Amino acid sequence: MKNPFRLPWRRPVENAHETKAASGFVTLAQEGRAHWTGRSYAALAREGFMRNPVAHRAVRLISEGAANVPLLVYEGTQERSEHPVLALLARPNGRMGGHDFLEALYGHLLLSGNAYIDAAEIGGTVRELHLLRPDRVRVLEGRDGWPEGYEYRVGNLARRISAGDDGLLHLRLFHPLDDHLGFPPLAAAQMALDLSNAAATWNKALLDNSARPSGALVYQPKEGGNLSADQYDRLKSELEDGYSGPIRAGRPLLLEGGLDWKAMGLSPKDMDFVEAKNGAARDIALAFGVPPMLLGIPGDNTYANYQEANRALYRLTILPMVFRTAAALSGWFSGRLGEALKLVPDLDQVTGLTGERSEIWARMKDADFLTDEEKRQAVGY
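What you see is a predicted model; the values in this text were computed from it and never measured.

Caption draft 1: View of the packing of helix α1 (residues 41–49) against helix α4 (residues 98–112). Contact geometry for α1 and α4: axes closest at 9 Å, N-to-C directions at 100°. One way to sum up the angle between α1 and α4 is to call them roughly perpendicular. Taken together, the residues of α4 that come into contact with α1 (itself represented by Tyr41, Leu44, Ala45 and Phe49) are His108, Leu111 and Ser112. Across the contact of α1 with α4, the residue classes tally to 5 nonpolar, 2 polar and no charged.

Caption draft 2: Here's a closer look at the packing of aromatic side chains. Scanning the entire structure with this criterion turns up 2 aromatic pairs. Ring centres 5.9 Å apart and planes at 70° place the aromatic pair Tyr116 and Tyr150 in the edge-to-face group. With Tyr116 in strand β5 (residues 114–122) and Tyr150 in strand β8 (residues 147–154), the pair connects residues that are 34 residues apart, well separated along the chain. The buried category is assigned to Tyr150, whose relative accessible area is 6%.

Caption draft 3: Structural context of the pattern of salt bridges. Under the definition given, this model contains 10 salt bridges. We note a salt bridge from Arg133 to Asp135, for which the minimum N-O separation is 2.8 Å. Among the residues examined, Arg133 registers a relative accessible area of 34% and is labelled partly exposed. Beyond isolated ion pairs, a larger network of salt bridges with shared partners links Arg60, Glu64 and Glu103.

Caption draft 4: Representation of the nonpolar core. Formed by 65 residues in total, the largest nonpolar core has its most connected members in Ile117, Leu129, Ile284, Phe288 and Val290. Counting 8 residues, the second-largest nonpolar core is a separate cluster that includes Tyr116, Val139, Tyr150 and Ile161.

Caption draft 5: Inspection of α4 at higher detail. The first and last C-alpha atoms of α4 sit 21 Å apart over 15 residues, in line with the 21 Å expected at 1.5 Å per residue. Taking burial as the measure, the 15 residues of α4 include 12 buried ones, the bulk of the element. Every buried residue of α4 is listed here: Gly98, Phe101, Leu102, Glu103, Leu105, Tyr106, Gly107, His108, Leu109, Leu110, Leu111 and Ser112. Gly113 sits one or two positions beyond α4 and adopts a positive phi of about 85°.

Caption draft 6: Structural detail: the sheet that holds strand β4 (residues 78–80). Spatial strand order, β4-β3-β13: 3 strands in an open sheet with antiparallel pairing. The open sheet is flanked by β4 and β13 (341–345), the only strands paired with a single partner. The mean angle between the axes of side-by-side strands here comes to 40°, regardless of whether they run parallel or antiparallel. In this sheet, β4 lies alongside strand β3 (residues 71–75) in antiparallel orientation, the contact comprising 3 bridges.

Caption draft 7: Inspection of the pairing of β8 at higher detail. Sheet analysis places strand β7 (residues 137–141) next to β8, joined by 5 bridges and oriented antiparallel. Paired with Val139 across the bridge in β8 is Tyr150. Between β7 and β8, which pair antiparallel in sequence order, lie 5 residues; one of them, Gly145, sits at a positive phi of approximately 90°. Where β8 folds back on strand β9 (residues 157–162), the antiparallel hairpin that results is connected by 2 residues, among which Gly155 adopts a positive phi of roughly 65°.

Caption draft 8: Molecular detail of the environment of Leu181. With respect to the secondary-structure elements, Leu181 resides in the loop between β10 (169–172) and α5 (185–188). Residues Leu181 and Ser112, 69 residues apart in the sequence, show an inter-C-alpha distance of 9.1 Å. With residues near it in sequence (within four places) discarded, Leu181 still touches Asn114, Tyr116, Val139, His170, Arg172, Leu173 and His175.

Caption draft 9: Region of the structure containing helix α2 (residues 53–67). Between its first and last C-alpha atoms α2 spans 21 Å; for 15 residues at 1.5 Å apiece the expected length is 21 Å, and the two agree. Among the residues making up α2, those that are buried are Val54, Ala55, Ala58, Val59, Leu61, Ile62, Ser63, Gly65, Ala66 and Ala67. Capping the start of α2 is the job of one residue whose side-chain oxygen sits 3.1 Å from the backbone nitrogen of Val54: Asn52.

Caption draft 10: Quick peek at the pairing of β5. Bridge analysis of β5 against β10 gives 4 bridges, and the strand direction is antiparallel. Its bridge partner being in β10, Ile117 is matched across the sheet by Leu169. Of the pairings in the sheet, the one linking β5 to strand β6 (residues 125–132) comprises 7 bridges and is antiparallel in character. When the bridges of β6 are listed, Ile117 appears paired with Leu131.

Caption draft 11: Fine view of the sheet that holds β7. Reading across the sheet, the 3 strands line up as β7-β8-β9 and stay open at both edges, with antiparallel pairing between neighbours. Looking at which strands have only one partner, the edges of the open sheet turn out to be β7 and β9. Across the sheet, the mean angle separating the axes of adjacent strands is 25° when strand polarity is ignored. One ladder, built from 6 bridges, connects β8 with β9; its direction is antiparallel. When the sheet's bridge partners are listed, Val154 is paired in β9 with Leu157.

Caption draft 12: Seen up close, the environment of Leu329. Counting through the fold element by element, Leu329 comes out in helix α9 (residues 306–337). Residues Leu329 and Ile117, 212 residues apart in the sequence, show an inter-C-alpha distance of 9.6 Å. For Leu329, the contacting residues outside a window of four places in its chain are Ile117, Leu169 and Leu343.

Caption draft 13: How the structure looks around the side chain of Glu47. You can see Glu47 is positioned in helix α1. Judged by relative accessible area, Glu47 falls into the buried class, the value being 18%. Reaching out from Glu47, the side chain makes a polar contact with the side chain of Arg51 at a distance of 2.9 Å.

Definitions and cut-offs
Residues numbered from 1 in each chain as written. Predicted model: local features only at pLDDT ≥ 70, side-chain atom pairs only at ≥ 80, totals over all residues. Heavy atoms only, no water. Axes fitted to C-alpha atoms, helices over the stretch in contact; angles between N-to-C directions. Helix = DSSP H or I, 4+ residues; strand = E, 2+ residues; numbered from the N terminus. Parallel < 35°, antiparallel > 145°, perpendicular 65-115°, else oblique. Contact = heavy atoms within 4.5 Å. Nonpolar A, V, L, I, M, F, W, Y, C, P; charged D, E, K, R; others polar. Phe/Tyr/Trp six-rings, centres within 6.5 Å; stacked < 30°, edge-to-face > 60°. Buried < 20%, exposed > 50% of the residue type's maximum accessible area, 1.4 Å probe, protein only. Salt bridge = Lys/Arg side-chain N within 4 Å of Asp/Glu carboxyl O. Core = buried A, V, L, I, M, F, W, Y, C linked by side-chain atoms within 4.5 Å. Expected span 1.5 Å × (residues − 1). Pairing = 2+ DSSP bridges. Polar contact = N/O pair within 3.5 Å; in protein donor to acceptor, adjacent residues only side chain to side chain.

Structure representation (structure tokens):
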């Protein structure tokens, strides 16, 4: 039976990768396709945070900066200097301190778009907080489509955790096509991430083979003829052993009679990997919301100095994530403890906003038309 999907004018060949014409030249017919990294948490963590220095530094800048922002606890309108929530955030569990806990939480949000906090209770009181790895958590939907619980699986062991104020706290970033899971910022820069990693791999391969001449050896004896099999093998072995590798770069090539060297290569204008890598790095920084100046990426330095770029990082990227997390923690702790609690970032302790906060305090000091209570409210107290 004939294949109904075969085009009548296309003739099948035994090997689709190469066809030989009558003149003896080899024609490559393989279609080149790009290979992209998956968008799972493991793939983005491995290819981004663990292999790409730009993505690694961007995640560290945001997560460490956000973890350094202190949180204040308010009960109603009264600030509490001592509270069980503050003790939990200072020492969530026996394996992690408060800074480590928050840094890992923000790292999960940046690499997965989701972060999960599980509370360990003893006698109805929350004693410890634990982070669950996002790729081990699965959302369990009810018949109405709303999440009714979560499944945490490690190997063959699975544990079901309820949703709501008395269950797992699920923090997520906005996802336009998913009702329950968040969208990681690094996934938006997936193509730039793969391009950056591919450029680094290409440069490493070029370094390893820098002494191997980029060209062809042409055998043109006066009396004609071709190299024998032994001569060909000996020549190939001498090239690999004596002229390939970074330590043999620049070694002159010694040719015998009848051998001629024909250099081949692409100009820097045709293969400008340096600019392509810098462009990919800027796209990765853009996806995370980090000014390229802070990552040492040349070009697109739109800020006048480093201080302004650092202030923009806090105002546009770090503080929105901290406020989002503080609001989620406020509602979760309020439901668990039965108190109207509110967690607020202490902006006066943020090092990146020292100059800006000093200007606000100076303006409030000179505002004689405001009462002391109104001044306190204006600066966040």
